[in-house]
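Secondary and tertiary structure notes
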Amino acid sequence: MELYPVQSTGPQETFVLNLGPQHPATHGVLRVKLTMDGEFINEAVIVAGYVHREHEKMGENRPWDQFLPNTGRIDYLSAMMYTHAYVGVIERACGIEVPPRAEYIRVITSELNRISSHLVWWGAFLLDLGGMTPLLYAFDDREKILDILEALTGARLTYCYYRVGGLAEDLNEGFVEDVREFVKEFRPRLKMFRRLVSENIIFRKRVEGIGIIDAEMCRKYGATGPMIRGAGIPYDVRRAEPYSVYPELDFDVAVDPAADSMARYKVRMEEMEQSLRIIEQCLDRLPDGPVMGKVPRKLKLPEGDFCYATEAARGRFEVRVVSTGKPVAHRVRLRTPCFGNLSLFEEAARGLMLADGIAMMGSLDLVIPDIDR
Amino acid sequence: MSRCPDHLFERFQELFPTMDTENPAPPEASAGAENEADTAEPPPPPPPPPPCRKTEFAKVGYDLDAIVEPHQIEEAAKLLDDEGFAIDMITAVDWPDAEQFELVYDFMHFEAGTRVCVRTRIPRDRPEIATLSFIFPGANWHERETAEFFGIQFTGHPNPIHLLLPDDFEGYPLRKDFKPPSDPLLKP
């Protein structure tokens, strides 16, 4: 399994290497203090918080619905799923029914968002490993998704399209045709990506057997998403805690038991394929009807704790709200996937070579504002 | 219907026999009443929730809600670790009227999809609770975050430094009585 020896035998002389906060491999402003023994990482200490914005406090001092735009700015690459979790928790607490058309459109847009997020990861990950070209290919396709979603929502990244009880507005004209065309075009592109990269021997040497993160470590640290699925456990919030119309849809949870960087890579590639399947099914079944349910003018949640989780591109995103029956939240807690995913880095990076550490960090698919909130 | 398996519910009830008899969250009756008396009419006290109950997932988003004593939290975590649960998150809720912090520990199960929520309350003037970092290493970061935002001390924590806030930040932002510092540039 291991291609490289993980323990060096050299003299016990270490030095501190500072990675970040301004470093392209950290995908944002994240600092890692590495204690190096030659090329090997002895100790990695994460220094986070450079883009901390205290979203949780903001949730406590404004009406329920006005916090919604904030949730799209936590993980700027999967805003759809994040706003979904927040409107979902309010709908769950108040017992608001969402019309089926709105639910289907939510799933379509969420899955498009997932593909665009995975494309950014794909390009950036390979950039970390030294491949410049894939990024250009990835952004080419991502641009099409962004155009489709921009026409629909008016935003290219930080969408705020979902509303409590439904959607801001119905689909624009030509949306269904555009998405169908995208799906048709993207399938062969995905195949080409695999031919270009997945079987490339240089790439495989960099990721196969590198950065092992097994299921037990994921469990102890609460790592979710492609991390846990790349460790062989088919945990997907869309299946484990079914929400929206996912139970009616036919898709597979991508799993790979190898638990290395390659496994996480394969899981994400497969997820894009599955997202396309989901989108196609939703387009076929898209019902007519209103996109907004009956929602009281002034939102008031009953007393108590409510949770709602969605499967974001990086794993489980969960909103936990505590209500005291007032028009503002008593407490909003945002459980973000990257927080749990990164917290195991300190342990998992120990003994890796620096370049492999970077490869592993790339396979975690970090979005720093998601950790710092 | 709750998705909580029966054996887990029974294990929780067996492990904490005191939970059934003791009132889980008694507010400081004397001190709290005096403060409230001159502000407004005291609201009728809600009936205390049962300490360990199955909940309906579709309504609240978790399957088991267990209220434990602060000293039982490690025991509860060990039980859940034993059952194969993963740590989901740790957080706190400030209840200034009751003079308490509520600590909320969420756990999830990767195979069964079950979610368990364990809560405990600690006094606001002595916010201390044992760390879970040695049972779930992932608790380390969650506790650091809770500590810096609420000023709660996790005794035995291996690395009790700020995680997200700057090292020299003063105050605990998520406490209800937190006043944000004014702009340093505007200070006289």
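Residues numbered from 1 in each chain as written. Chains lettered and ligands numbered in written order. Predicted model: local features only at pLDDT ≥ 70, side-chain atom pairs only at ≥ 80, totals over all residues. Heavy atoms only, no water.

A word on the sheet that holds strand β2 (residues 64-67) of chain B
Strands belonging to one sheet form pairs held by backbone hydrogen bonds; the direction of such a pair is parallel or antiparallel. All names here are of chain B. Selection criterion: DSSP bridges decide pairing: two strands pair if at least two such bridges lie between them. Every helix listed is a DSSP run of H or I at least four residues long, and every strand listed is a run of E at least two residues long, numbered separately from the N terminus. For helices, the fitted axis covers only the stretch in contact; all axes are lines through C-alpha atoms, and the angles between them, taken along N-to-C directions, range from 0 to 180 degrees. Residue contacts are counted whenever heavy atoms from the two residues lie within 4.5 Å of one another.
Pairing within the open sheet is mixed, and its 5 strands lie in the order β1-β2-β5-β4-β3. Two strands close off the open sheet at either side, each with one partner strand: β1 (52-54) and β3 (85-95). Neighbour-to-neighbour, the strand axes of the sheet open up by a mean angle of 15°, direction not taken into account. Sheet analysis places strand β4 (residues 100-109) next to strand β5 (residues 115-123), joined by 9 bridges and oriented antiparallel. Looking at the pairing, Gln100 lines up with Pro123 of β5. Docked against the sheet, helix α5 (residues 73-82) engages β3, β4 and β5, running at close to 170° with respect to β5. In this fold helix α6 (residues 139-150) packs onto β3 and β4, with an angle of close to 5° to the strand it touches most, β3.

Considering the interface of chain A and chain B
So the rule is basically this: Note on definitions: buried area is the accessible-area loss of two parts on being combined, 1.4 Å probe, summed for both. By definition, a salt bridge exists where a carboxyl oxygen of Asp or Glu is found within 4 Å of a side-chain nitrogen of Lys or Arg. Between N or O atoms, a polar contact is any pair within 3.5 Å; within protein, one atom must be a potential hydrogen donor and the other a potential acceptor, and residues adjacent in sequence are included only when both atoms are from side chains.
On the chain B side, the residues contacting the 42 residues of chain A number 47 residues. Note on chain A versus chain B: buried area summed over both sides is about 3,700 Å², and carbon and sulfur give 57% of it. Its largest share of buried area at the contact with chain B, chain A owes to Arg219(A), Lys220(A) and Phe339(A), together 18% of the area lost on that side. The tally of links from chain A across to chain B stands at 10 salt bridges. Across the pair Lys220(A) and Asp81(B) runs a salt bridge whose closest N-O atoms are separated by 2.9 Å. Taken together, the links from chain A to chain B amount to 24 residue pairs in polar contact (both at pLDDT 80 or more).

Overview of the pattern of salt bridges
Residue and element names in this part refer to chain A. Let me state the cut-off plainly: Type-normalised accessible area, obtained with a 1.4 Å probe on protein chains alone, sets the label of each residue: buried when under 20%, exposed when over 50%, and partly exposed for intermediate values.
As enumerated under the stated definition, the model contains 51 salt bridges over all chains in all. One salt bridge in this structure joins Arg156 and Glu143, with 2.4 Å as the shortest N-O distance. Of this pair, Arg156 sits in the loop between α5 (133-153) and β6 (162-163) while Glu143 sits in helix α5; the two residues are 13 residues apart in sequence, bridging distant segments of the chain. You can call Arg156 partly exposed: its relative accessible area is 29%. Taking relative accessible area as the criterion, Glu143 reaches 33% and is therefore assigned partly exposed. Across the pair Asp250 and Arg277 runs a salt bridge, and its minimum N-O distance is 3.0 Å. Of this pair, Asp250 sits in the loop between α10 (237-240) and α11 (261-285) while Arg277 sits in helix α11, and the two are 27 residues apart along the sequence.

A word on the packing of helix α6 (residues 175-198) of chain A against α11(A)
All names here are of chain A. Worth spelling out the cut-off: Each angle is binned into one of four classes, with values under 35 degrees roughly parallel, values over 145 roughly antiparallel, values of 65 to 115 roughly perpendicular, and all other values oblique. Two helices that cross are described as forming a left-handed crossing if the nearer one is turned anticlockwise from the farther one by less than a right angle, and a right-handed crossing if clockwise. For this classification, Asp, Glu, Lys and Arg are treated as charged, while Ala, Val, Leu, Ile, Met, Phe, Trp, Tyr, Cys and Pro are nonpolar and the rest, including Gly, are polar.
With their axes 10 Å apart at the nearest point, α6 and α11 run at an angle of 160° to one another. Viewed along their axes, α6 and α11 adopt a mutual orientation that is roughly antiparallel. In the packing of α6 onto α11, the handedness of the crossing is left-handed. Contacts from Val176, Val179, Arg180, Phe182, Val183, Phe186, Arg187, Leu190, Phe193, Arg194, Val197 and Ser198 in α6 reach Met262, Tyr265, Met269, Glu270, Met272, Glu273, Leu276, Arg277, Ile279, Glu280, Leu283 and Asp284 in α11. Of the residues in the contact of α6 with α11, the class split is 15 nonpolar, 1 polar and 8 charged.

With respect to the pairing of strand β5 (residues 40-47) of chain A
Residue and element names in this part refer to chain A. With 7 bridges joining them, strand β4 (residues 31-37) and β5 adopt antiparallel strand pairing. Bridge assignment links Asp37 to a residue of β5, and that residue is Phe40. Between β4 and β5, which pair antiparallel and follow one another directly, the connecting turn spans 2 residues, one of which, Gly38, has a positive phi of 65°.

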